[in-house]
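Listed here are the chains, written in short residue letters.
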Amino acid sequence: MNSIKKTGQIIGILFLVLFVTGAIGNHLRGLSTSLIESQNFLNEVFENSIQMKIAMLLDLVANAIGVGIAIVLFPILKQYNKSIGYWYFGLWITGFILTIVSNISHLSLVSLSQEFIKVGAPDVGYFETLGILKVEEYYWAHFLILIIFSSGALLFYYTLFKTRLIPRFLSVWSFLAVSIVFVVSWLQIFDYSVNFIFYGQNGIHLLFFSCWLTIKGFNSSTTFSKSV
């Protein structure tokens, strides 16, 4: 069953690349509440349009990697539970589609900033209001995407716990870390502000999880008890 171990290592590498790509993309994107509170909001968007476009590209790459992970995992997940395998894959596809939609909205923000500069902004308030709405549109989609991805992750970590493909302590930590992301993303949807640390903790977990899988892979002695 060496192939199971190697599959785990491949998935670990893919998660690691996803983590790094996503982190760089988030850093370059620069969309934050401090940005839209700036008096030169659209000017800053225009000046940083190239790095924002790079961030969008990295975001799509990271999510495409996630879909790749779901494809690699499907044969393993379905051995334990076919429904979980299909749901995990379906949630990643759904999240990827929403990511494309949210990035189209972000591209329109860049276009708006270019128009703002080109026309000399005869009505600054009108342009800035449109810009803020575009940022809000991106964030609504972003939190919905996080809910979808964390739902898939809960299914994945539950399967890891039940099958003992990884040590129990790691699957429990994984489940708790992504549960926090799921809950706080819903809180954001309902306009409750939460500290970034609730998302940051999952980044710490994902980095450890990815490195552990890359080195150790899945437990090759695992036997599956099939269910439907």
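A quick note: this is a predicted structure, and the numbers were derived from the prediction, not measured.

1. Quick look at the overall build of the chain
Then, number 1: Along the chain, the regular secondary structure elements total eight helices and zero strands.
Then, number 2: For the chain, the N- to C-terminal ordering of α and β elements is α-α-α-α-α-α-α-α.
Then, number 3: Burial analysis of the chain (228 residues in total) assigns 43% to the buried set.
Then, number 4: For the chain, the share of sequence-separated contacts (at least 6 apart) that also reach a separation of at least 24 residues comes to 82%.
Then, number 5: Surface summary for the chain: the accessible area is close to 11900 Å², and the carbon and sulfur share equals 67%.

2. Focus: the confidence of the model for the chain
Then, number 1: Averaged over all residues, the pLDDT of the chain equals 86, while 89% of them reach at least 70.
Then, number 2: Per-residue pLDDT, averaged within each element of the chain, yields its smallest value for helix α2 (residues 33-36) (55) and its largest for helix α7 (residues 168-189) (95).

3. Overview of the side chain of Ser102
Then, number 1: Relative to the elements of secondary structure, Ser102 occurs in helix α5 (residues 82-119).
Then, number 2: At 2.9 Å, the side chain of Ser102 and the backbone oxygen of Thr99 are in polar contact.
Then, number 3: Contact partners of Ser102, with chain neighbours within four places excluded, come to Tyr138, Ala141 and Ile145.

4. Comments concerning a nonpolar patch on the surface
Then, number 1: Together, Val183, Trp186, Leu187, Phe190 and Tyr192 give the surface a local cluster of nonpolar side chains, amounting to about 520 Å² of exposed area.
Then, number 2: Inspection of the secondary structure assignment puts Leu187 in helix α7.

5. Focus: unusual backbone geometry
Then, number 1: Within the chain, Arg164 stands out as a residue other than glycine whose phi angle is a positive 60 degrees.
Then, number 2: Along the chain, the position of Arg164 falls in the loop between α6 (124-163) and α7.
Then, number 3: Taking the relative accessible area as the measure of exposure, Arg164 reaches 47% and is therefore partly exposed.
Then, number 4: Non-glycine residue Asp191 carries a positive phi angle of around 65 degrees.
Then, number 5: Relative to the assigned elements, Asp191 resides in the loop between α7 and α8 (197-216).
Then, number 6: When its relative accessible area of 63% is taken as the criterion, Asp191 is described as exposed.

6. Re helix α4 (residues 49-80)
Then, number 1: For α4, with 32 residues, the first-to-last C-alpha span of 46 Å sits near the 46 Å given by 1.5 Å per residue.
Then, number 2: Along its length, α4 shows its largest kink, about 50 degrees, at Phe74, and proline Pro75 lies within four residues downstream of that point.

7. Structural notes on the packing of α7 against α8
Then, number 1: One can describe the packing of α7 onto α8 by two numbers: an axis separation of 9 Å at closest approach and a directional angle of 150 degrees. Here α7 lies roughly antiparallel to α8, going by the angle between them. The chirality of how α7 crosses α8 is left-handed. Contacts from Phe169, Leu170, Trp173, Ser174, Ala177, Val178, Ile180, Val181, Val184, Ser185 and Gln188 in α7 reach Phe198, Tyr199, Gln201, Asn202, His205, Phe208, Phe209 and Trp212 in α8.
Then, number 2: Here the residues of the contact of α7 with α8 sort into 13 nonpolar, six polar and no charged.

8. Considerations on the nonpolar core
Then, number 1: By size, the foremost hydrophobic cluster in this structure holds 29 residues, and its most contacted members are Tyr88, Phe156, Phe209 and Phe218.
Then, number 2: At the level of secondary structure, the elements contributing two or more residues to this core comprise α1 (2-29), α4, α5, α6, α7 and α8.
Then, number 3: If near-sequence neighbours (up to four positions away) are discounted, Phe156 is found in contact with Phe15, Leu73, Leu77, Tyr88 and Phe209.
Then, number 4: One finds Phe41, Met56, Phe127 and Val135 within the second-largest nonpolar core, a separate group that totals 11 residues.

9. Re the packing of α4 against α5
Then, number 1: Interaxial distance between α4 and α5 falls to 8 Å at its minimum, and their mutual angle equals 175 degrees. Between α4 and α5, the interaxial angle falls into the category roughly antiparallel.
Then, number 2: A breakdown of the residues in the contact of α4 with α5 according to their chemical character gives 23 nonpolar, eight polar and four charged.

10. Examining the environment of Ala55
Then, number 1: On the secondary structure map, Ala55 appears in helix α4.
Then, number 2: Here the alpha-carbon distance between Ala55 and Arg29, two residues 26 residues apart in the chain, equals 5.1 Å.
Then, number 3: What Ala55 contacts, discounting residues up to four positions off in sequence, is Gly25, Leu28 and Arg29.

Conventions we followed
- Residues numbered from 1 in each chain as written.
- Predicted model: local features only at pLDDT ≥ 70, side-chain atom pairs only at ≥ 80, totals over all residues.
- Heavy atoms only, no water.
- Helix = DSSP H or I, 4+ residues; strand = E, 2+ residues; numbered from the N terminus.
- Buried < 20%, exposed > 50% of the residue type's maximum accessible area, 1.4 Å probe, protein only.
- Contact = heavy atoms within 4.5 Å.
- Areas by Shrake-Rupley, 256 points an atom, 1.4 Å probe, with all protein chains shown as cover.
- pLDDT = per-residue confidence, 0-100.
- Polar contact = N/O pair within 3.5 Å; in protein donor to acceptor, adjacent residues only side chain to side chain.
- Patch = residues over 30% accessible without salt bridge, like charges linked within 9 Å, V, L, I, M, F, W, Y side chains within 5 Å.
- Salt bridge = Lys/Arg side-chain N within 4 Å of Asp/Glu carboxyl O.
- Expected span 1.5 Å × (residues − 1).
- Bend = angle between axes of the 7 residues up to and from the residue.
- Axes fitted to C-alpha atoms, helices over the stretch in contact; angles between N-to-C directions.
- Parallel < 35°, antiparallel > 145°, perpendicular 65-115°, else oblique.
- Left-handed = near helix turned anticlockwise from the far one by under 90°.
- Nonpolar A, V, L, I, M, F, W, Y, C, P; charged D, E, K, R; others polar.
- Core = buried A, V, L, I, M, F, W, Y, C linked by side-chain atoms within 4.5 Å.

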